[in-house]
Amino acid sequence: MTRVNPPATGSVVKITRRERAKATRHRIAEVALARFSEHGYAATTMDTIAHDAGVAMLGLVENLASSVCARCGAEGPLFHEASTEATAVRLDLAVLARIPFDARAAAAADAGQPLAEAADGIFDKLAEEAVRRSAAGAAR
Ligand SMILES: [Zn+2]
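About the thresholds
Residues numbered from 1 in each chain as written. Predicted model: local features only at pLDDT ≥ 70, side-chain atom pairs only at ≥ 80, totals over all residues. Helix = DSSP H or I, 4+ residues; strand = E, 2+ residues; numbered from the N terminus. Buried ≥ 20, exposed ≤ 12 C-beta atoms within 10 Å, placed from the backbone. Pairing = 2+ DSSP bridges. Contact = placed C-beta atoms within 7 Å. Axes fitted to C-alpha atoms, helices over the stretch in contact; angles between N-to-C directions. Parallel < 35°, antiparallel > 145°, perpendicular 65-115°, else oblique. Left-handed = near helix turned anticlockwise from the far one by under 90°.

### Some remarks on the overall build of the protein
Then, in step 1: Secondary structure summary: the protein contains six helices and three strands in total.
Then, in step 2: Secondary structure elements of the protein, listed N to C terminal, follow the sequence α-α-β-β-α-β-α-α-α.
Then, in step 3: Residues counted as buried form 0% of the 140 residues belonging to the protein.

### Remarks on the pairing of strand S1 (residues 59-68)
Then, in step 1: Strand direction decides the pairing type here: S1 and strand S3 (residues 94-101), joined by six bridges, are parallel. Bridge pairing links Glu 62 to Arg 98 in S3.
Then, in step 2: Sheet topology places S1 next to strand S2 (residues 75-76); two bridges connect them, and they run antiparallel. Each residue of the ladder has a partner; that of Val 68, found in S2, is Glu 75.
Then, in step 3: In this structure, the hairpin formed by S1 and S2 is closed by a connection of six residues, where Gly 73 is found at a positive phi of approximately 80°.

### Describing helix H4 (residues 103-110)
Since one α-helical turn is 3.6 residues long, residues separated by three or four positions face the same way.
Then, in step 1: With respect to burial, H4 is a largely exposed element, only zero of its eight residues being buried.
Then, in step 2: The positive-phi residue at the C-terminal boundary of H4 is Gly 112, with phi of around 90°.

### Focus: the sheet that holds S2
Then, in step 1: Ordered by their spatial adjacency, three strands build an open sheet running S2-S1-S3, and the pairing between neighbours is mixed. For this open sheet the edge positions go to S2 and S3, each flanked by a neighbour on one side alone.
Then, in step 2: Against the sheet, helix H3 (residues 84-91) touches S1 and S3, its axis set at about 180° to S1.

### Describing the environment of Ala 88
Then, in step 1: Mapped onto the elements, Ala 88 comes out in helix H3.
Then, in step 2: Measuring from C-alpha to C-alpha, the distance between Ala 88 and Val 61 comes to 9.8 Å, with 27 residues separating the pair along the chain.
Then, in step 3: For Ala 88, the contacting residues outside a window of four places in its chain are Leu 60, Leu 93, Ala 94 and Val 95.

### Quick word on the packing of helix H1 (residues 17-39) against helix H2 (residues 46-53)
Then, in step 1: Axis separation between H1 and H2 bottoms out at 9 Å; the angle between their running directions is 125°. The pairing of H1 with H2 is recorded here as oblique in orientation. In this structure, the crossing between H1 and H2 has a hand that is right-handed. Residue-level inspection shows Arg 27, Ile 28, Val 31, Ala 32 and Arg 35 of H1 in contact with H2, the latter providing Thr 48, Ile 49, Asp 52 and Ala 53.

### Side note on the environment of Glu 30
Then, in step 1: Within the secondary structure, Glu 30 is located in helix H1.
Then, in step 2: Using a count of 12 C-beta atoms within 10 Å as the deciding quantity, one classes Glu 30 as exposed.
Then, in step 3: Sequence spacing of Glu 30 and Ala 53 is 23 residues, and the spatial spacing of their C-alpha atoms is 8.6 Å.

Distances and angles like these do not, on their own, reveal function.
Structure (structure tokens):
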């Protein structure tokens, strides 16, 4: 008796750009947590986290770069002195963006909504800007 195998029924797993980005963010967070747990916060660098996560560092994003007044919209410094420029020079990276403190994002986080979903697609915008700047740098 001859057995005939059924036709192959392979499955294709299609992953969207958004899902891949989410998986990358998750991997980076896991690697960072492992590094912080093993070596401590002060001894953990962005270089080692990027290396362990298998991602390239394209530039810096300064979070909490300023504060926007909820009443009048005036923007001012949140902290006395920022070291972002010095860090950018030390790592030979560009400052891609500066994100002000946003009370709406803070409220969303307090309500359990992930910042990435609450901040009007800010991470997608940052990624697009990083790719644009990287391509411009490569063209030089
Ligand atoms: Zn004000």
